[in-house]
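# Inside the fold
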Amino acid sequence: MNRTELQQLSDERIEDATALLAASRWSGAYYLTGYALECALKSCVLTYVERTGIIFEDKKFAEKCWTHDLETLVKQADLITERGLAIAANAQLGTNWLIAKDWSEATRYRLSTQQQAEELFDAITDNSDGVLQWVKNHW
């Protein structure tokens with residue numbers, strides 16, 4: 001996959017999650033919302049690779065990218081410092097990251113409530129303070 005495909009996939013998964021929320025399908029909406037963020041972060045990782053050529057310096061870098069862990073992907077995209085600065089300037093973004101970080105690919109095997117699905121969706125998609133909006137600034 002390339003950056004553009006990951007970005008498109010992220011946007012489509014948000015659309016899918018929106019439809020699932022409207023249909024009261026909480027577990028699927030929760031999972032796909034987090035998956036959209038994962039795809040967006042993987043796009044950021046590719047941006048970092050293109051900018052730095054890190055894969056030619058760190059032979060194990062690519063192995064570390066085969067993850068679903070959002071925090072690992074933030075590190076792989078070299079966005080830890082940027083995120084810290086953004087959170088220092090926007091407390092609500094920090095709160096939204098705290099909600100988003102609890103998502104994992106294992107949630108596809110878990111039942112989620114309406115509150116959990118809507119809380120994650122709002123934390124990730126909020127137009128002014130959402131995690132995805134911030135990530136898109138770096139992809």
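The structure we're discussing is the one just above.
Here is a short report on the structure shown in this document.

So, how was this worked out
- Residues numbered from 1 in each chain as written.
- Predicted model: local features only at pLDDT ≥ 70, side-chain atom pairs only at ≥ 80, totals over all residues.
- Heavy atoms only, no water.
- Phe/Tyr/Trp six-rings, centres within 6.5 Å; stacked < 30°, edge-to-face > 60°.
- Helix = DSSP H or I, 4+ residues; strand = E, 2+ residues; numbered from the N terminus.
- Buried < 20%, exposed > 50% of the residue type's maximum accessible area, 1.4 Å probe, protein only.
- Lys NZ or Arg CZ within 6 Å of the ring centre and 35° of its normal.
- Contact = heavy atoms within 4.5 Å.
- Salt bridge = Lys/Arg side-chain N within 4 Å of Asp/Glu carboxyl O.

Moving on, we come to the packing of aromatic side chains. One pass over the full model with this rule turns up three aromatic pairs. Ring centres of Tyr31 and Tyr35 lie 6.0 Å apart, and the angle between their planes is 10 degrees; this geometry places the pair in the stacked category. Taken together, the residues Tyr31 and Tyr35, both in helix α2 (residues 26-52) and four residues apart, mark about one turn of the helix. Considering the side-chain rings of Trp97 and Trp134, the 5.9 Å spacing of their centres and the 80 degrees angle between planes classify their relative orientation as edge-to-face. Here the residue Trp97 occupies a position in helix α6 (residues 91-100), and Trp134 occupies one in helix α8 (residues 131-136), the gap between them amounting to 37 residues. For Trp134, a relative accessible area of 8% corresponds to the buried category. Among the aromatic residues, those joined into a cluster by ring pairs are Tyr31, Tyr35 and Trp103. Directly above the aromatic system of Trp97 lies the positively charged group of Arg83, at a separation of 4.8 Å from the ring centroid. A cation over an aromatic ring shows up here: Arg110 above the ring of Tyr30, its NZ or CZ 4.9 Å from the ring centre.

Here we take up the side chain of Asn96. Tracing the chain through its elements places Asn96 in helix α6. Residues contacting Asn96, with those up to four places away along its chain left out, are Ala123, Asp129, Gly130 and Val131.

Moving on: the pattern of salt bridges. Across all of its chains, the model carries six salt bridges by this definition. Put simply, Lys136 and Asp11 hold a salt bridge, and the shortest N to O gap is 2.9 Å. On the criterion of sequence distance, the pair formed by Lys136 in helix α8 and Asp11 in helix α1 (residues 3-22) is long-range, its members being 125 residues apart. Glu71 is paired through a salt bridge with Arg83; the nearest N and O atoms lie 2.8 Å apart. With Glu71 in helix α4 (residues 70-76) and Arg83 in helix α5 (residues 80-89), this residue pair connects regions lying 12 residues apart in the sequence. A relative accessible area of 24% means that Glu71 is categorised as partly exposed.

Keep in mind these values describe shape, not function.
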